[in-house]
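# Structural overview for review
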Amino acid sequence: MLVEYLLIDFLTLRWQGEPESCQTPPIMATVPLVADVLYRSTDPGQFSFRSTSELEDLPELIGQSRARTAIEFGVGIPHAGYNIFVAGPAGSGKQTLVRQLVGERARQSAPPSDWCYVHNFANPYKPSVIGLPAGLGRELHDQMVQAVEYLRNAIPALFASDEYRAKHDEIMKAFVERQEEAFKALAERARSLGVAFLRTPRGFAFVPEKDGEVLKPEDYEKLPEKDKDRLLETTSSLQTELEKILETIPHWWRERSESLKNLNRETLRSIVRQMLHGMRRRFSAYPPVLHYLDAVEEDMADHSESFRSAEEVPAEVHEHHAVETKSMQFMHRYRINVLVGNGEHAGAPIVAEENPTYANLMGRIEHISEMGTLVTNFTLIKPGALHRANGGYLLLDIRKLLIHPFSWEGLKRALRSREIRIESLPQMVGLVSTVSLEPAPIPMEVKVILFGDRIFYYLLCEYDPDFAELFKVAADFDDRVVRDAASNKLYAQMLASMARQHGLTHLDPAGVARVIDYGARAIGDAERLTTHARSVLDLLQEADFIARAAGAHVISAPHVQQAVDAQIYRLDRVRNRLQEEILRGTLLIDTTSSVVGQINGLSVIQLGGFAFGQPVRITARSRFGSGEMINIEREADLSGALHSKGVLILAGFLATRFAKSQPFALTASLVFEQSYARVDGDSASLAELCALMSDLASAPIHQSTAVTGSVNQMGEVQPIGGVNEKIEGFFDICSARGLDGRQGVVIPIGNVPHLMLKRQVVDAVRRSEFHVYAVRSVDEAMGLLTGLAAGEPNPAGVYPRRTINGRIADRIHRLGGMQKTYKRRTTEAVVLRHTGR
């Protein structure tokens, strides 16, 4: 019953449209672009040279004055925190410019200090550090090696000398005499008491004697008891005296040992002091070295036995650990570990660390295995990139730095504290418990320069609070430069520089002009040129290969064109496969008929470094509903945020234009047909809106014309990216099926300055076999696609009935009326049901 009411009411609806006198205005045809607008070629006649060999080298990178100023500022300012982040795409010449500017500054700077680790005799697990002017670290090391090697050979000979032996024997003789005198006095006292003092293999003994002879046991037994008691008492007393003497002997031994030790110390000290005298005089201006030499002298004097037992091992073997004897292991304590030596370098160091692991960046402590145990010493401390760059410049790739655990935090910690502290990473994270070292930190003065894409800079600024404090200078490399006569000349100089630096064939003016055209196409803008030096160099190298193969003496335009074509051919397998499937009918793309609610949109596919355009069918369907715009891609979770935003903009445009004062009783669905991957971007929003308006107005769209462009809520068409690839992608399909003069592409008028189309498209346009239209609004686009006028509203806001907008307004008005009737009849039906109860 309710459905019948709705149908009857819908059929009897009357829409008060515009009066009959308001006729449909004639359609204003949009004129296609002329061929000269589609490709801005460079005139070789503007160049006065015959070959780039006549040109001077390019003094600096093209279009990077801002980045150059920032780098010069960051390199020059001495204050903490003014490290540099060089932002820009890889291959834009960042490394080249930075090395050039930093190299100039480094050559003007004095070499930084040498840094040496030495044994800490007071605490061996905390090696001490010594800083010396450039070159003196290695000199100290060499002199110390020579001194130790001399002492290893000289000290055993010294202890074997007659003078030392005499002093040694005198001490030993005095000890023996002192001991003998004590025993002699005890023996004489015992003899006076009738007791003999005997020395046996088993020790000392007291026995009775008479007239100088030891009493035999049987004679002793004949003695009166009184004499026996006296002898026993005397023997006990003498035994006590002997025990006192024996208790004193160890003390005499200690005195003897101390005397011998003092003798050894003084003997060794004299030769050590003599050997170190020259070193003390050479390094008299450096108190840390003098303190160290004093400690060495004391330690050598305390360990004379290690020198006296030294084996004869050549110095070069000792130096390179070829043989690890006991004495050599001991001698390690006197070595100088020159962690960083700058004596062989002029100016400040420039270090580029390609693998910035924590150990490679901060240094490491190595271990060796001894008896199944890992041990270490200060000679196994190895430098990191920060040590090598100390006093100069450290160049790092931010992506590589961030992917290595602890490297970024370690670098920040060093920059904040301005010192380099070597810590064992496994011990930091508690993975091992072996004995390790705690080397003294080294003062740091390094200018760190990070390289990376802009996204890394923005993310670090946003999420790392330390980044802005430590990297205050941003050098942002531009990826394009204005295309004019001046930049053309600079481009020619850049090509001349590349040819000289890489041993390539030089170019003639036509070749230079073609490379400049390539630079405009690479950036996708006829009024700009790419500053991506690596891609230009790659093209130049490939053109050089082609020219040499052809026996040419210069690179000309055909060689460059062949190189461009070869680059595309190597990468266009997927593009050709997709085009093949379209031509076979597997992917449905219509280029001849006219269909309601269907349009050919244009997309760009980026695979590696190759981008190409592909047409895609977009369909729209509308019906009575509640104002919902269904994005099927979004419902299937295949729509990116920007694409979803574009669909919402369409809903806003339609509701604002056609339903300001009435219900927007429309439900519409939009879909990319045969799309099985994620869709993103808003460059198809114009095509989607045209398809939807076609369905609402029941106006067929010419499938021979494809559309690209985004649209805002005012219906204005906005520029998009990849316009050249999109046009060429649709042209290739049309060309393969046969050009008939009706095919073409609609683009935003804002994209006209970006056009750098391939020669085949330009020639087809010149022959009027293909067309490129530039539009400002969706109304212009609909006029081109349907052949009907879009229609302008009269002062009352009413569109002419026979126009696109008039048809849509009529449809939406009727749908709105249907919604009102539906609500009214629904209410009546509810009331009837309640009344019937």
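Owing to the predicted nature of the structure, the values given are computational and were not obtained by experimental measurement.

### Some details on the sheet that holds strand E2 (residues 114-118)
One open sheet accounts for 3 strands, arranged E3-E2-E7; its pairing is antiparallel. In the strand order of this sheet, the two ends are held by strand E3 (128-132) and strand E7 (337-340), each with one partner. Ignoring strand direction, the axes of neighbouring strands in this sheet form an average angle of 30 degrees. As defined by bridge partners, E2 adjoins E3 across 5 bridges and the pair is classed as antiparallel.

### As for the nonpolar core
One finds Ile-727, Ile-747 and Phe-770 to be the most contacted residues of the largest nonpolar core, which totals 59 residues. The dominant element in this core, judged by the number of residues it contributes, is helix H22 (residues 533-549), at 8 residues. The residues contacting Ile-747, other than those within four sequence positions of it, are Leu-33, Thr-708, Val-723, Ile-727, Leu-755, Val-772, Tyr-773, Ala-774 and Val-775. Counting residues in hydrophobic clusters, the runner-up holds 48 residues, among them Ile-618, Leu-650, Ala-651 and Phe-664.

### A closer look at the environment of Ala-496
Mapping Ala-496 onto the fold places it in helix H20 (residues 485-501). Taking the C-alpha atoms as reference points, Ala-496 and Ser-53, 443 residues apart in sequence, are found 6.2 Å from one another. Leave out the neighbours within four places in its chain, and Ala-496 touches Thr-52, Leu-55, Glu-56, Asp-57 and His-506.

### With respect to the pairing of strand E16 (residues 447-452)
Extensive coverage of E16 is indicated by the burial of 6 of its 6 residues. Along E16, one buried face is formed by Lys-447, Ile-449 and Phe-451 and the opposite face, lined by Val-448, Leu-450 and Gly-452, is buried too. Sheet analysis places strand E1 (residues 84-87) next to E16, joined by 4 bridges and oriented parallel. Looking at the pairing, Val-86 lines up with Phe-451 of E16.

### Side note on the environment of Ala-474
The topology assignment puts Ala-474 in strand E17 (residues 473-476). Residue Ala-474 is classed as partly exposed on the basis of its relative accessible area of 36%. In sequence terms Ala-474 and Val-340 are 134 residues apart; their C-alpha atoms lie 30 Å from each other. If we skip the residues at most four places from it in the chain, Ala-474 touches Ala-70, Phe-85 and Tyr-457.

### What about the layout of surface pockets?
Taken as a whole, the second largest pocket spans an internal volume of roughly 750 Å³. Lining the second largest pocket are 35 residues, and of these Ser-92, Gly-93, Lys-94, Gln-95 and Thr-96 sit closest to its centre. Listing elements by their share of the lining of the second largest pocket, those giving two or more residues are helix H4 (94-107), strand E13 (393-397), helix H15 (398-403), E16, H20 and H22. Per-class residue counts for the lining of the second largest pocket are 15 nonpolar, 11 polar and 9 charged.

### As for the sheet that holds E13
Spatial ordering of the open sheet is given by E8-E13-E16-E1-E17, a layout of 5 strands whose pairing is parallel. Of all strands in the sheet, those bounded by a partner on one side alone are strand E8 (350-352) and E17. Along the sheet, successive strands turn relative to each other by an average axial angle of 20 degrees, direction set aside. Sheet topology places E8 next to E13; 3 bridges connect them, and they run parallel. Residue pairing in the sheet places Ile-350 in a bridge with Tyr-393 of E13. Strands E1, E13, E16 and E17 of the sheet are contacted by helix H3 (residues 65-76), whose axis makes an angle of about 155 degrees with E17.

### Details of helix H23 (residues 557-571)
In a regular helix each residue adds 1.5 Å, so 15 residues correspond to 21 Å; H23 covers 22 Å between its end C-alpha atoms and thus fits that length. When we look at burial in H23, the residues that qualify are His-559, Val-560, Ala-563, Val-564 and Gln-567. The buried residues of H23 occupy one face: seen down the axis, they fall within an arc of 140 degrees. Contacts made by the buried residues of H23 are with helix H21 (509-523) and H22.

What counts and how
- Residues numbered from 1 in each chain as written.
- Predicted model: local features only at pLDDT ≥ 70, side-chain atom pairs only at ≥ 80, totals over all residues.
- Heavy atoms only, no water.
- Pairing = 2+ DSSP bridges.
- Helix = DSSP H or I, 4+ residues; strand = E, 2+ residues; numbered from the N terminus.
- Axes fitted to C-alpha atoms, helices over the stretch in contact; angles between N-to-C directions.
- Core = buried A, V, L, I, M, F, W, Y, C linked by side-chain atoms within 4.5 Å.
- Buried < 20%, exposed > 50% of the residue type's maximum accessible area, 1.4 Å probe, protein only.
- Contact = heavy atoms within 4.5 Å.
- 1 Å grid on protein atoms, 1.4 Å probe; cavity = no way out; pocket = protein on both sides within 12 Å on 5 of 7 lines; lining within 4 Å.
- Points joined across faces, edges and corners; volume = space filled by probe spheres on them.
- Nonpolar A, V, L, I, M, F, W, Y, C, P; charged D, E, K, R; others polar.
- Expected span 1.5 Å × (residues − 1).
- Arc of directions from axis to C-beta.

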